[in-house]
Amino acid sequence: MAQKMKYYTVFLDGIDKTGKDTIRQYIWRLNKSLNVFCRGYISLEVYNRLYKRNVKYELPYKNALYVLLTVNHNDWTIRCEMTDEPVIDFLQHSTEFQTVFKQLKMHKYKTMSFNTSEMTPYQIAEKIVAYIDELNKM
């Protein structure tokens, strides 16, 4: 009997200042065997749409977890001010990320979404690692 392919790759996506890099570090601390990337298919597709790019890339991996990180507008504004992040159209960018995320979900890819204004990076990382562990037990 063929062995089921394991889930070992996590893609963290979302607009700037949603905590991707911080959460990636927590995930790695909790499970060093996971490959965790900040920005993946969702970001590539969103930026192709927003900036009329024609960047070619491979379709999403079937055995990866796609995580969308969102943030409340007021919290995002403060994060941008604190780090001198250039201001973007928050609503437009957030909407595009949600649209691509929903398409992945509709096509039965493994997905999770978290609002980083409502949970700590550690809490989010714990949930991601627990979900990956559960997927790999099935």
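Student: Help me understand the nonpolar core in this model?
Tutor: Looking at soluble globular proteins, one finds that nonpolar side chains tend to be buried together. By size, the foremost hydrophobic cluster in this structure holds 19 residues, and its most contacted members are Ile42, Val46, Tyr66 and Phe97. Counting only elements with at least two residues in this core, the list comes to helix H2 (41-50), strand S3 (64-70), helix H3 (73-83) and helix H4 (90-106). Every residue in contact with isoleucine 42, bar those within four places of it in the chain, is listed here: Asp13, Tyr66, Phe97, Val100, Phe101 and Leu104. The next biggest cluster of nonpolar side chains, apart from the first, holds 18 residues, and it includes Leu12, Leu69, Ile128 and Val129.

Student: Please clarify how unusual backbone geometry should be interpreted in this entry.
Tutor: Peptide bonds are, in most cases, trans, and in most cases residues other than glycine have a negative phi. Of note in this structure, lysine 17 is not a glycine but carries a positive phi near 70°. Of note, lysine 17 is situated in the loop between strand S1 (9-13) and helix H1 (20-30). A residue is classified by how much of its surface remains accessible, and lysine 17, at 27% relative accessible area, is partly exposed. Unusually for a residue other than glycine, aspartate 84 sits at a positive phi of about 55°. Along the chain, the position of aspartate 84 falls in the loop between H3 and H4.

Student: Honestly, the environment of methionine 112 in this entry has me stumped. Any pointers?
Tutor: Within the fold, methionine 112 resides in strand S4 (residues 110-115). Classification of methionine 112 by relative accessible area gives buried; the value is 15%. The spacing of methionine 112 and isoleucine 124 is 12 residues in sequence and 10.0 Å in space, taken between C-alpha atoms. Setting aside its immediate chain neighbours within four residues, methionine 112 contacts Leu65, Tyr66, Val67, Leu68, Phe101, Lys127, Ile128 and Tyr131.

Student: Looking at this model, I keep getting lost on the environment of threonine 9. Mind explaining?
Tutor: Along the polypeptide, threonine 9 turns up in strand S1. Sequence spacing of threonine 9 and isoleucine 128 is 119 residues, and the spatial spacing of their C-alpha atoms is 11 Å.

Student: Would you mind going over H3 with me for this structure?
Tutor: Owing to its 3.6 residues per turn, the α-helix aligns residues three or four sequence positions apart on the same side. Residues of H3 that are buried: Trp76, Arg79 and Cys80. Burial along H3 is one-sided: seen end-on, the buried residues are contained in an arc of 100°. Among the exposed residues of H3, those oriented more than 90 degrees off its buried face are Asn74, Glu81 and Met82. In this fold, the buried residues of H3 make contact with H4. Note on H3: the residue one or two positions beyond its end, aspartate 84, has a positive phi of about 55°.

Cut-offs applied
- Residues numbered from 1 in each chain as written.
- Predicted model: local features only at pLDDT ≥ 70, side-chain atom pairs only at ≥ 80, totals over all residues.
- Heavy atoms only, no water.
- Core = buried A, V, L, I, M, F, W, Y, C linked by side-chain atoms within 4.5 Å.
- Buried < 20%, exposed > 50% of the residue type's maximum accessible area, 1.4 Å probe, protein only.
- Helix = DSSP H or I, 4+ residues; strand = E, 2+ residues; numbered from the N terminus.
- Contact = heavy atoms within 4.5 Å.
- Arc of directions from axis to C-beta.

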